[in-house]
Amino acid sequence: MPYHRPSRTRRIAKWAGLVACAVIVASWYVSTRWMIAYADESTALGGGIDRHALLFCHGLFTGLDGWHVESAHGRRDMFLLPWAGSDGSAQGLIIPLWMLFVGSAGGTAWLWWRDRRPPPGDCQACGYDLTGNTSGVCPECGEAT
Ligand SMILES: [Zn+2]
């Protein structure tokens, strides 16, 4: 497989992926202890973390405006669920944090794996196997070894 130096964008994406994973793990931990949500009274839109999940909703936090923190003690886990209140007044989406973690960890691991350096003994420019090479020049790409 040819090796290319990672672009600046890809380097940023790799580190952003790691940060995202760390943020998700931290949110997961926090959500086992507290529900943290933000609600906007004028639009009735809200969102936050609660019981191992990320949630977005419309009309759930009626009468609440701004940040809202509540103990998560005794609450049950939430599952992936687009939901709507029986009268249609409240609706939202619940996304378990483990799903977000699997998604970002998988993507991040793939980015890091793809940019791994060729092992010593392979051409550092193109990844060609230089075992037994005595010329000091990669026959594949012409790079000095
Ligand atoms: Zn080469």
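Note that this is a predicted model, so its numbers are computed, not measured. (Residues numbered from 1 in each chain as written. Predicted model: local features only at pLDDT ≥ 70, side-chain atom pairs only at ≥ 80, totals over all residues. Heavy atoms only, no water.)

J.: Explain the coordination of the zinc ion here, please?
T.: A metal bound by six donors in octahedral fashion has ideal angles of 90 or 180 degrees, whereas one bound by four tetrahedral donors has an ideal angle of 109.5 degrees. Only Cys-123 (SG), Cys-126 (SG), Cys-138 (SG) and Cys-141 (SG) from the protein reach the zinc ion as donors, at distances of 2.3 to 2.4 Å. Relative to the metal, the 4 donor atoms surrounding the zinc ion lie at angles of 107 to 112 degrees, and the coordination shape comes out tetrahedral. (Donors = N, O, S within 2.8 Å, 3.2 Å for Na, K, Ca; no water. Tetrahedral: all angles 85-135°; square planar, octahedral: opposite > 155°, others 65-115°.)

J.: Looking at this model, I keep getting lost on the side chain of Ser-104. Mind explaining?
T.: Structurally, Ser-104 can be placed in helix α2 (residues 97-114). At 2.6 Å, the side chain of Ser-104 forms a polar contact with the backbone oxygen of Leu-100. When near neighbours in sequence (up to four residues on either side) are disregarded, Ser-104 contacts Cys-21 and Ile-24. (Helix = DSSP H or I, 4+ residues; strand = E, 2+ residues; numbered from the N terminus. Polar contact = N/O pair within 3.5 Å; in protein donor to acceptor, adjacent residues only side chain to side chain. Contact = heavy atoms within 4.5 Å.)

J.: Mind showing me how you'd approach the pairing of strand β3 (residues 53-58) here?
T.: Two faces make up the sheet, and in a regular strand the side chains alternate between them. Burial along β3 is one-sided: Ala-53, Leu-55 and Cys-57 are buried, and none of Leu-54, Phe-56 and His-58, which face the opposite way, are. Relative to β3, strand β2 (residues 45-50) runs antiparallel, the two being bridged by 6 bridges. Each bridged residue has a counterpart across the sheet, and for Asp-50 the counterpart in β3 is Ala-53. The hairpin turn running from β2 into β3, its antiparallel successor, is 2 residues long, and Arg-51 in that turn takes a positive phi close to 50 degrees. In this structure, β3 lies alongside strand β6 (residues 91-96), joined through 6 bridges in antiparallel fashion. Each bridged residue has a counterpart across the sheet, and for Ala-53 the counterpart in β6 is Pro-96. (Buried < 20%, exposed > 50% of the residue type's maximum accessible area, 1.4 Å probe, protein only. Pairing = 2+ DSSP bridges.)

J.: For this particular structure, what's the right way to read the pattern of salt bridges?
T.: In a structure, side chains of opposite charge can pair up when their charged atoms sit close to one another. Following the criterion strictly, the structure yields 3 salt bridges and no others. Across the salt bridge formed by Asp-115 and Arg-10, the nearest N and O atoms sit 2.2 Å from each other. Note that Asp-115 is positioned in the segment after α2 and Arg-10 in helix α1 (residues 8-31), a separation of 105 residues in sequence. Judged by relative accessible area, Asp-115 falls into the buried class, the value being 7%. Between Lys-14 and Asp-115 there is a salt bridge, with the nearest N and O atoms lying 3.4 Å from each other. On the criterion of sequence distance, the pair formed by Lys-14 in helix α1 and Asp-115 in the segment after α2 is long-range, its members being 101 residues apart. (Salt bridge = Lys/Arg side-chain N within 4 Å of Asp/Glu carboxyl O.)

J.: Sorry, what's going on with the side chain of Asp-50 here?
T.: Note on placement: Asp-50 falls in strand β2. A polar atom in the side chain of Asp-50 sits 2.9 Å from the side chain of Arg-51.

J.: Hey, could you run me through the packing of aromatic side chains in this one?
T.: Given two aromatic rings, one states the distance between the centres and the angle between the planes to describe the pair. Evaluation of the coordinates by the stated rule reveals 2 aromatic pairs. For the cation-ring pair, Lys-14 lies above Trp-112, with the distance from its terminal atom to the ring centre recorded as 4.4 Å. It is Arg-116 that lies over the ring of Trp-113; its NZ or CZ is 4.2 Å from the centre. (Phe/Tyr/Trp six-rings, centres within 6.5 Å; stacked < 30°, edge-to-face > 60°. Lys NZ or Arg CZ within 6 Å of the ring centre and 35° of its normal.)

J.: Can you walk me through unusual backbone geometry in this structure?
T.: Negative phi values dominate among residues other than glycine, just as trans dominates among peptide bonds. Although it is not a glycine, Arg-51 sits at a positive phi angle of roughly 50 degrees. Relative to the helices and strands, Arg-51 resides in the loop between β2 and β3. Phi at His-52 takes a positive value of approximately 65 degrees, unusual for a residue other than glycine. Residue classification places His-52 among the buried positions, given a relative accessible area of 18%.

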